[in-house]
Structure formats: structure tokens, C-alpha cells
Amino acid sequence: MQYIFNVKEGIHEYIKLGRRYSFPPPPVKRCHNPKCNKIVHFRKHGFYERYFYSSKFKGRIVIRRYICPLCKHTISYIPHFCLPGFINALEHIFDYTYNSFHRENSINSVIRQLNQKHNIQFSRQILYYYRKKFIKNIAAIQNGLRQMIQGVKLPDETLKDTEKARNVLAIVTKEYPDIHLFSQKYYQATTKTFLATTK
């Protein structure tokens, strides 16, 4: 299980401090292992590294891990600029996905413009992958938004999924100008990321 926490000092300070960063203290919460399911005081359980790719940093970053003292189930605390399960920065994933639905230009043109803006190299294949996952998850994303925004007006069910995706992205940017906050709130509400594989 992963939890997203806010890094107020920013990515550069997080990377600079590494294991010396002031991570959240071991939480007291219910263990997500169904065989345990008890409220416990988790303990520190070392670190692991994961790859992160953005305009600000490209390389491995440290992730703090905690363990349930009863069943040894582990949880990780992921910094808010990451999207669990993806190496690309959350802000880039969302920016590229949003623009691929809202710009009149071709996908290749969107890629070129955003690569220049962010000074990174996103491929057409990776953007198609994100678009496809967003469209595939559109029903789950709308359910998440219902939990997060009281009385939210979602796209008409008769629309095609591509048009629904465009409308949902517009809702997200209006309600959550900071995409990191949307990501955190969505994860808290659903225990998944908005690009998580759904059944």
C-alpha cells in the first residue's frame, strides 16, 4: 500500500536530503492486510529507491517504508510530485494528457510543443499510453469525482468516452488548479491513482 504525502520544501530539497529528509512519522492506522486488519502503530522499515523523470530531476529518488509490527505488511510514503506506479512526474503526465485532448493540433505537434516547454523528451507512444489509460478509466474517474466534489455535474452518459475524458479533464482543472492536490485527494478517496489499471 502506498500513501501520498506533501513535500512542502520542494523536489530539490527532498532529493538533496535523501534519507535525511524529515519523512512523516510512523503512522497509527488500520493495516490494509486483510488477514490483519488491526489498528497498529507502524514502524520505520528502511527505504527503497524508484526512478523519477521530470524537467527538474531525472534519476533515482528515495522512498520511506513502514511495517506493521503484527503481520509485517509494509506501506510506503510517496512524495506528492510522483504518481504511484509511474516514473514520469505527475505534472507532466497530466499536462501532456490534458493538452492531447484539448488542443486542435496533432499529437505530434502537442508532443513537440510540450517537450520544448518542459525541456524533456516524451514520446508519442507514452502519450498514447496515458490517453488510452485515462479513457479506459473514465467511469472510475467520474466515480472518484462524485466522492470528492459534492454535486459535481459530470458529462452526459450518451457522450463518447473521448468526449467524456475531455469534459472530465476540464472539471479537474477547474476544481483543482494544483494537479498535485487532485492526485492526493483522488488517491485518498479511491486508494488508486487516476491512471490505475481497472478491472
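Residues numbered from 1 in each chain as written. Predicted model: local features only at pLDDT ≥ 70, side-chain atom pairs only at ≥ 80, totals over all residues. Heavy atoms only, no water.

Undergrad: How should I be thinking about the nonpolar core in this particular structure?
TA: Burial of nonpolar side chains together is a common tendency in soluble globular proteins. If you look at the biggest cluster of nonpolar residues, it comprises 35 residues, and the most contacted ones within it are Phe134, Leu145, Phe182, Phe194 and Leu195. Elements with a contribution of two residues or more to this core: α2 (90-102), α3 (107-118), α4 (124-136), α5 (138-148), α6 (161-175) and α7 (179-190). (Core = buried A, V, L, I, M, F, W, Y, C linked by side-chain atoms within 4.5 Å. Buried < 20%, exposed > 50% of the residue type's maximum accessible area, 1.4 Å probe, protein only. Helix = DSSP H or I, 4+ residues; strand = E, 2+ residues; numbered from the N terminus.)

Undergrad: Can you walk me through α6 in this structure?
TA: Side chains three or four residues apart in an α-helix point the same way, a direct result of the helix having 3.6 residues per turn. Its 15 residues give α6 an end-to-end C-alpha distance of 21 Å, which sits within 8% of 21 Å, the value for a rise of 1.5 Å per residue. Contact partners of the buried residues in α6: α2, α4, α5 and α7. (Expected span 1.5 Å × (residues − 1). Contact = heavy atoms within 4.5 Å.)

Undergrad: Looking at this model, I keep getting lost on the packing of aromatic side chains. Mind explaining?
TA: Any aromatic ring pair is given by two values, namely how distant the centres are and how the planes are angled relative to each other. Tallied over the full model, the rule gives 23 aromatic pairs. Residues Phe101 and Phe134 carry aromatic rings whose centres are separated by 6.3 Å and whose planes lie at 50 degrees to one another, so their mutual orientation is tilted. Within this pair, whereas Phe101 is found in helix α2, its partner Phe134 is found in helix α4, the two being separated by 33 residues in sequence. Through successive ring pairs, a cluster of aromatic residues spans Tyr3, Phe5, Tyr14, Tyr21, Phe23, Phe47, Phe52, Tyr66, Tyr77 and Phe81. In this structure, Arg64 packs its charged tip against the face of Tyr66, placed 5.9 Å from the ring centre. (Phe/Tyr/Trp six-rings, centres within 6.5 Å; stacked < 30°, edge-to-face > 60°. Lys NZ or Arg CZ within 6 Å of the ring centre and 35° of its normal.)

Undergrad: For this particular structure, what's the right way to read the packing of α2 against α6?
TA: Geometrically, a packed helix pair is captured by the angle between its two axes and the distance between the axes. Interaxial distance between α2 and α6 falls to 9 Å at its minimum, and their mutual angle equals 130 degrees. Comparing their axes, α6 and α2 come out oblique. Every pair of crossing elements has a handedness; the one defined by α2 and α6 is left-handed. Within the contact between the two elements, α2 uses Phe94, Thr97, Tyr98, Phe101 and His102 and α6 uses Thr162, Ala165, Arg166, Leu169, Ala170, Val172 and Thr173. Taken together, the residues that form the contact of α2 with α6 break down as seven nonpolar, four polar and one charged. (Axes fitted to C-alpha atoms, helices over the stretch in contact; angles between N-to-C directions. Parallel < 35°, antiparallel > 145°, perpendicular 65-115°, else oblique. Left-handed = near helix turned anticlockwise from the far one by under 90°. Nonpolar A, V, L, I, M, F, W, Y, C, P; charged D, E, K, R; others polar.)

Treat this as a map of the structure, not an account of what it does.
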